[in-house]
Amino acid sequence: RGVMEEAAAAADEGTRCPQAGEPLPEEEEEEVLHLAKQRRMLCSEFAAITSSDAEVACSFLAGNDWHMQRALNAYFERPLEKEEAAAGGMPPACAGPGSCIDLTADATTSNASVNSTDSRQQEDDSSFSLISWNIDGLDLGNLKERARGICSYLALYSPDVVFLQEVIPPHLCLLQVGAGSYTIIPGNIDGYFTAIMLKKPRVKLLKHEIIPFPTTSMMRNLLVVYVSISGNEICLMTSHLESTKNHSKERMKQLQIVLNKMQMESESNTVIFGGDTNLRDSEVTKLGNLPNNITDVWEFLGKPQHCRYTWDTHSNTNLGAQYKCKMRLDRIYFRPAADGGHIIPRSMDLIGLEKLDCGRFPSDHWGLLCNFDLIL
């Protein structure tokens, strides 16, 4: 049977069955139709969130009493179990949403390597670097190899701040091994979520908060972290705004929440937002463009073409898409401190452009590497 028939049949099971040949009372028939429609919508949402097909969606939802969060947890726990078995029992990422996972205590990281990195960073207080990357945890293919590839890029560039989107629980376990000198603040621990990584000891964590998106159907929120870098107080934000063309209205509502939060922050602080915005330029225009005090870093730098498209099915074959599409889905926004001049965007580049040994790229998105100058 098709998924719609499965959903309707499951709906029937929750109602009283009349005797053979007896028609359902009108009220019960209406209830059955409403429940079937509701479950079809749940299947569609689950499939959109997980990039799975309708049959998989219906199977997981039906197996979890049509509870979306439990079904998503069951779906994403599968690779975690495989990783634990392969690694002989990896430590679980059990911190709560918004809590800090201090990876410097990991036994696999030598003090010598951490101290060496710290001393290099302390030599140059005139700049800092940031990576924003949707690491595509929803794609379970070659998950471990791709996660290790991402850790290799973090080791190569040693950014001070990392914004990650589409993180899943196994990623936190792998980052524990591969990113020993960072503190990680996850935006959730269930399903998939965002995370911010802060290089120690240079980036000092002050506080953090999670702002929910009230009407999201895809478990999205805004993760906000307050830090100090070389005496400059900075508010860092990341999010994964609602996906797909059909959710434009919700995505624009979420962008407005982000922009409002950026403007609400203390004028003495620099504010940097980055993430997978899924934005089309027309959506920003519909909102009346960005506020005067908030800048799109790519535009500020003169719209360099080499780092314009972060989602490019011409060059990135991970999805195996038959269509060819290039979009600037990943963006970085910047609101300077009111007195200005302390932090200035200097450059932007794409990362993750090389295939791994498994024949795939680390993600279906390119990462953004952005460098800022600090005026001391």
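Model, not experiment: these values are computed from the prediction. (Residues numbered from 1 in each chain as written. Predicted model: local features only at pLDDT ≥ 70, side-chain atom pairs only at ≥ 80, totals over all residues. Heavy atoms only, no water.)

Visitor: If you had to explain the overall build of the protein to someone new, which residues and values would you point to?
Guide: Each helix and strand in the protein was counted, giving 10 helices and 15 strands. Residues counted as buried form 53% of the 376 residues belonging to the protein. Taking the contacts inside the protein whose residues are at least 6 apart along the sequence as the reference set, 72% of them involve residues at least 24 apart. Here the protein has roughly 16,900 Å² of accessible surface; of this, 51% comes from carbon and sulfur atoms. (Helix = DSSP H or I, 4+ residues; strand = E, 2+ residues; numbered from the N terminus. Buried < 20%, exposed > 50% of the residue type's maximum accessible area, 1.4 Å probe, protein only. Contact = heavy atoms within 4.5 Å. Areas by Shrake-Rupley, 256 points an atom, 1.4 Å probe, with all protein chains shown as cover.)

Visitor: With reference to specific residues and values, describe the side chain of K261.
Guide: Mapped onto the elements of the fold, K261 is located in helix α8 (residues 248-264). We classify K261 as buried; its relative accessible area is 10%. At 2.9 Å, the side chain of K261 and the side chain of E209 are in polar contact. Among the polar contacts made by the side chain of K261, one reaches the side chain of E265 at a distance of 2.9 Å. Residues contacting K261, with those up to four places away along its chain left out, are E209, I211, L222, V224, Y226 and M237. (Polar contact = N/O pair within 3.5 Å; in protein donor to acceptor, adjacent residues only side chain to side chain.)

Visitor: Before we move on, can you summarise the environment of N64 with the specific residues and values?
Guide: Assignment of secondary structure puts N64 in the loop between α3 (54-62) and α4 (68-86). Take N64: its relative accessible area is 17%, and that puts it in the buried class. Residues N64 and A74, spaced 10 residues apart in sequence, show a C-alpha to C-alpha distance of 8.3 Å. Every residue in contact with N64, bar those within four places of it in the chain, is listed here: R70, A71 and A74.

Visitor: Describe the pairing of strand β9 (residues 270-276), naming the residues involved and giving the relevant values.
Guide: With 7 of 7 residues buried, β9 lies mostly within the body of the structure. Pairing between strand β8 (residues 232-240) and β9: 7 bridges, direction parallel. Opposite C235, over in β9, you have V271 as the bridge partner. Handedness of the β8-α8-β9 crossover: right-handed. Note that β9 and strand β13 (residues 330-335) share 6 bridges and pair antiparallel. Paired with G274 across the two strands is I332, which belongs to β13. (Pairing = 2+ DSSP bridges. Right-handed = clockwise from strand over helix to strand, strands pointing away.)

Visitor: Quick rundown of a nonpolar patch on the surface? Include the residues and the values.
Guide: A cluster of nonpolar residues, F300, I344 and I375, forms a patch on the protein surface that exposes about 250 Å² of accessible area. With respect to the helices and strands, I344 occurs in strand β14 (residues 343-351). (Patch = residues over 30% accessible without salt bridge, like charges linked within 9 Å, V, L, I, M, F, W, Y side chains within 5 Å. Salt bridge = Lys/Arg side-chain N within 4 Å of Asp/Glu carboxyl O.)

Visitor: Residue-level account of helix α6 (residues 143-157), with values.
Guide: If you check α6, its first and last C-alpha atoms are 21 Å apart, about what 15 residues at 1.5 Å a residue would give, namely 21 Å. Looking only at α6, the buried set comprises L143, K144, R146, A147, G149, I150, C151, Y153 and L154. Just downstream of α6, S158 is the residue with a positive phi angle, here 45°. (Expected span 1.5 Å × (residues − 1).)

Visitor: How would you sum up the sheet that holds β8? Please name residues and give values.
Guide: Two orientations exist for strands paired in a sheet by backbone hydrogen bonds: parallel and antiparallel. Read across the open sheet, the 6 strands follow the order β6-β7-β8-β9-β13-β10; overall the sheet is mixed. A single partner strand is all that each edge strand has here, and the edge strands are β6 (203-212) and β10 (295-296). Looking at chain direction, β6 and strand β7 (residues 221-229) are connected through 9 bridges and run antiparallel. Across the sheet, residue P212 finds its bridge partner in β7, namely N221. Against the sheet, α8 engages β6, β7, β8, β9 and β13, with an angle of about 25° to β13. (Axes fitted to C-alpha atoms, helices over the stretch in contact; angles between N-to-C directions.)

Visitor: Quick rundown of the pattern of salt bridges? Include the residues and the values.
Guide: A complete count under the given rule lists 12 salt bridges for this structure. In this structure, R251 engages E283 in a salt bridge whose closest nitrogen and oxygen atoms are separated by 2.8 Å. One end of the pair, R251, is in helix α8; the other, E283, is in helix α9 (residues 281-286), and 32 residues separate them in sequence. The exposure class of E283 is buried, given its relative accessible area of 3%. Ionic pairing is found between R328 and D296, a salt bridge with its closest N-O pair at 3.0 Å.

Visitor: Tell me about the environment of Y226, and please be specific about residues and values.
Guide: Assignment of secondary structure puts Y226 in strand β7. Here Y226 falls in the buried class, since its relative accessible area comes to 9%. Through-space distance from the C-alpha of Y226 to that of H208 is 5.9 Å; in sequence the pair is 18 residues apart. Here E209 takes part through its side chain, which lies 3.0 Å from a polar atom of the side chain of Y226.

Visitor: Break down the nonpolar core for me, citing the residues and quoting the values.
Guide: One recurring pattern in soluble globular proteins is that nonpolar side chains are buried together. Grouped together as the largest cluster of nonpolar side chains are 29 residues, with contacts concentrated most on V161, L198, L236 and I272. When near neighbours in sequence (up to four residues on either side) are disregarded, L236 contacts V161, F163, I196, L198, L223, V224, V225, V227 and I272. (Core = buried A, V, L, I, M, F, W, Y, C linked by side-chain atoms within 4.5 Å.)

Visitor: Outline unusual backbone geometry, supporting the account with residue identities and numerical values.
Guide: Cis geometry is found at the peptide bond from K200 to P201, where omega equals 0°. Within the secondary structure, P201 is located in the loop between β5 (193-199) and β6. Of note, S230 is a non-glycine position whose phi angle comes to about 50°, a positive value. As for its placement among the helices and strands, S230 is situated in the loop between β7 and β8. Given the relative accessible area of 27%, S230 is considered partly exposed.

Visitor: Explain the pairing of strand β2 (residues 127-134) to me, and be specific about the residues and the numbers.
Guide: Buried residues dominate β2, accounting for 8 of its 8 residues. Bridge analysis of β2 against strand β15 (residues 367-374) gives 6 bridges, and the strand direction is antiparallel. Residue pairing across strands places L130 opposite C370, the latter belonging to β15. Bridging between β2 and strand β3 (residues 161-167) involves 5 bridges; their strand directions are parallel. From the neighbouring strand, W133 faces β3, where its bridge partner is L164. Read as a crossover between parallel neighbours, the route from β2 over α6 to β3 is right-handed.

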